[in-house]
Every structure is written in C-alpha cells, then in structure tokens.
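# Topology and contacts: notes
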Amino acid sequence: MLDRLDAASRRLSGAVAVGAGLVLLAVALSTTLDVLLRYLAGMPMRGHAELASLSTAIAVAAFFPALVSQRGNVTIKLVGQWLGRSADRWLNLFGSLCLLAFIAILAWQLVLYAVSMAEGGEVTPYLRLPVAPAWWAVVGSIAAALVAALVATLQDVAATWS
C-alpha cells in the first residue's frame with residue numbers, strides 16, 4: 001500500500017514540479033520583457049515585480065513535494081555504510097523523522113502567515129491584488145510535501161523493522 005501511495009505521490013508531484021518550472025520560465029521571460037521595455041521604451045510593466053514575487057513563491061513551494069517524494073534532499077550515507085545495514089536503516093529513519101518535523105513546523109508557520117495575510121486584507125502595493133490566495137497556494141504545496149514526508153517516514157519505519 002505504501003509503495004502504491006509513494007508511486008502516485010511521485011507521479012503527481014513530478015507533474016506539479018513541471019508546471020512550477022514552466023511558471024518560473026514565464027517569470028524569467030516576463031522579467032526579460034520588463035527590462036527590455038524599461039531600457040528601450042522607458043515603459044516598465046506596472047506591477048510586474050508583484051506578480052513575479054507571488055508567482056515565484058508559489059512555484060518554489062510547488063517543487064517541495066517532488067523533492068520530498070523523490071528523496072532529493074541532501075543525505076550523508078558514509079556513516080551508515082560504515083556502521084552497517086541496520087545502522088543505515090536507523091539513520092535513514094532518523095533523517096526522515098527530522099525532515100517530517102521540519103516540514104510540519106514549516107507548514108504550521110505558513111498557515112499562521114497565510115491567516116494573518118487574509119485577516120489583514122493584505123494586498124500588493126500597485127495592483128492591489130490580495131496576497132493571501134498566493135500564500136494559501138504555498139501552504140497547499142507544503143501540505144503535499146508533508147504527506148510525502150509522512151509516506152517516506154512510514155516506508156523507513158517499515159524498512160527499519162523488516
């Protein structure tokens with residue numbers, strides 16, 4: 001069951017990461033256009049920085065589920081290999097628990113931030129766009145990363161006691 005959930009998580013998060021990459025590409029292209037318009041015509045794109053910053057926050061957060069589900073985080077295997085297979089499994093489990101705790105704390109803090117943005121009615125300075133929806137999208141991505149971290153941790157629990 002965990003393996004099927006992990007495979008589904010990898011497929012879905014990979015597709016979301018591709019979309020996030022396209023968003024970052026669009027931000028890069030629109031920034032290039034903004035610079036060219038400023039330089040050649042003296043006409044910057046009004047509100048571009050606001051849209052770019054919100055889009056970048058959403059896109060970067062959208063990479064987190066793929067990173068976690070594909071176990072792309074930095075790990076050091078040297079000690080586990082030196083101590084043997086059993087110790088390696090325990091160290092992997094410890095690392096998964098630490099990552100799970102970190103993402104849980106991150107999600108919690110982002111929820112608090114998104115709530116404060118919504119309650120305060122925060123908007124961007126020029127376009128007057130509400131910023132809370134962007135932060136709720138970030139929260140959604142980090143929540144998906146939290147689920148992926150939980151699956152990875154459960155897999156490590158199963159591997160440790162197998």
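Residues numbered from 1 in each chain as written. Predicted model: local features only at pLDDT ≥ 70, side-chain atom pairs only at ≥ 80, totals over all residues. Heavy atoms only, no water.

## Considerations on the overall build of the chain
Secondary structure summary: the chain contains five helices and zero strands in total. Since a compact globule built from 162 residues should have a radius of gyration of about 15 Å, the 20 Å found for the chain marks it as more spread out than a globular shape. On the principal axes, the C-alpha backbone points of the chain span a range of 65 × 35 × 30 Å. Residues counted as buried form 28% of the 162 residues belonging to the chain. In the chain, once contacts between residues fewer than 6 apart in sequence are set aside, the share between residues at least 24 apart is 75%. Counting 10 positive and 8 negative side-chain charges, the chain places the centres of these two groups 7 Å from one another. (Helix = DSSP H or I, 4+ residues; strand = E, 2+ residues; numbered from the N terminus. Rg over C-alpha atoms; globule rule 2.2 N^0.38 Å. Buried < 20%, exposed > 50% of the residue type's maximum accessible area, 1.4 Å probe, protein only. Contact = heavy atoms within 4.5 Å. Lys, Arg positive; Asp, Glu negative; His and termini not counted. Charge placed at Lys NZ, Arg CZ, Asp CG, Glu CD.)

## Some details on the packing of helix α1 (residues 2-41) against helix α5 (residues 132-160)
Where α1 contacts α5, the axes come no closer than 10 Å and their chain directions differ by 145 degrees. Helix-helix and strand crossings are classified by hand; for α1 and α5 the assignment is left-handed. Where α1 approaches α5, its residues Leu2, Asp3, Leu5, Asp6 and Ser9 are matched on the opposing element by Ala148, Val151, Leu154 and Gln155. Residues of the contact of α1 with α5, tallied by class, amount to five nonpolar, two polar and two charged. (Axes fitted to C-alpha atoms, helices over the stretch in contact; angles between N-to-C directions. Left-handed = near helix turned anticlockwise from the far one by under 90°. Nonpolar A, V, L, I, M, F, W, Y, C, P; charged D, E, K, R; others polar.)

## Here's the deal with the environment of Val111
Within the element layout of this structure, Val111 appears in helix α4 (residues 85-120). Overall, Val111 belongs to the partly exposed group, its relative accessible area being 31%. A C-alpha to C-alpha distance of 7.5 Å links Val111 and Trp136, two positions 25 residues apart in sequence. Not counting residues up to four positions away in its chain, the partners in contact with Val111 are Trp136 and Val139.

## Digging into the nonpolar core
Ranked by size, the top nonpolar core spans 13 residues in total, and within it Val68, Ile103, Leu110, Val138, Ile142 and Ala149 carry the most contacts. Those elements giving two or more residues to this core turn out to be α2 (48-69), α4 and α5. When neighbours within four sequence positions are excluded, Ala149 is seen to be in contact with Val68, Leu100 and Ile103. In this structure, Leu54, Val131, Ala132 and Ala134 belong to the second largest nonpolar core, which totals five residues. (Core = buried A, V, L, I, M, F, W, Y, C linked by side-chain atoms within 4.5 Å.)

## Thoughts on a nonpolar patch on the surface
Nonpolar side chains collect at one region of the surface, where Val18, Leu22, Leu25 and Leu29 lie side by side and expose about 410 Å² of accessible area between them. Inspection of the secondary structure assignment puts Leu25 in helix α1. Given the relative accessible area of 46%, Leu25 is considered partly exposed. (Patch = residues over 30% accessible without salt bridge, like charges linked within 9 Å, V, L, I, M, F, W, Y side chains within 5 Å. Areas by Shrake-Rupley, 256 points an atom, 1.4 Å probe, with all protein chains shown as cover. Salt bridge = Lys/Arg side-chain N within 4 Å of Asp/Glu carboxyl O.)

## Considering unusual backbone geometry
Apart from glycine, the bulk of residues carry a negative phi angle, and the bulk of peptide bonds sit in the trans form. Look at Arg71: it is not a glycine, yet its phi comes out positive at around 50 degrees. Relative to the elements of secondary structure, Arg71 occurs in the loop between α2 and α3 (78-83). The backbone of Arg128 shows a phi angle near 60 degrees, a positive value even though the residue is not glycine. By the secondary structure assignment, Arg128 is in the loop between α4 and α5.

## Here's the deal with the pattern of salt bridges
Applying the stated criterion across every chain, the model contains three salt bridges. Taking the shortest distance from any N to any O, the salt bridge between Arg10 and Asp6 comes out at 3.0 Å. Of the two residues, Arg10 and Asp6 both sit in helix α1, four residues apart, roughly one turn of that helix. Classification of Arg10 as partly exposed rests on a relative accessible area of 33%. Put simply, Arg38 and Asp34 hold a salt bridge, and the shortest N to O gap is 3.2 Å. One end of the pair, Arg38, and the other, Asp34, are both in helix α1, four residues apart, so they sit about a helical turn from each other.

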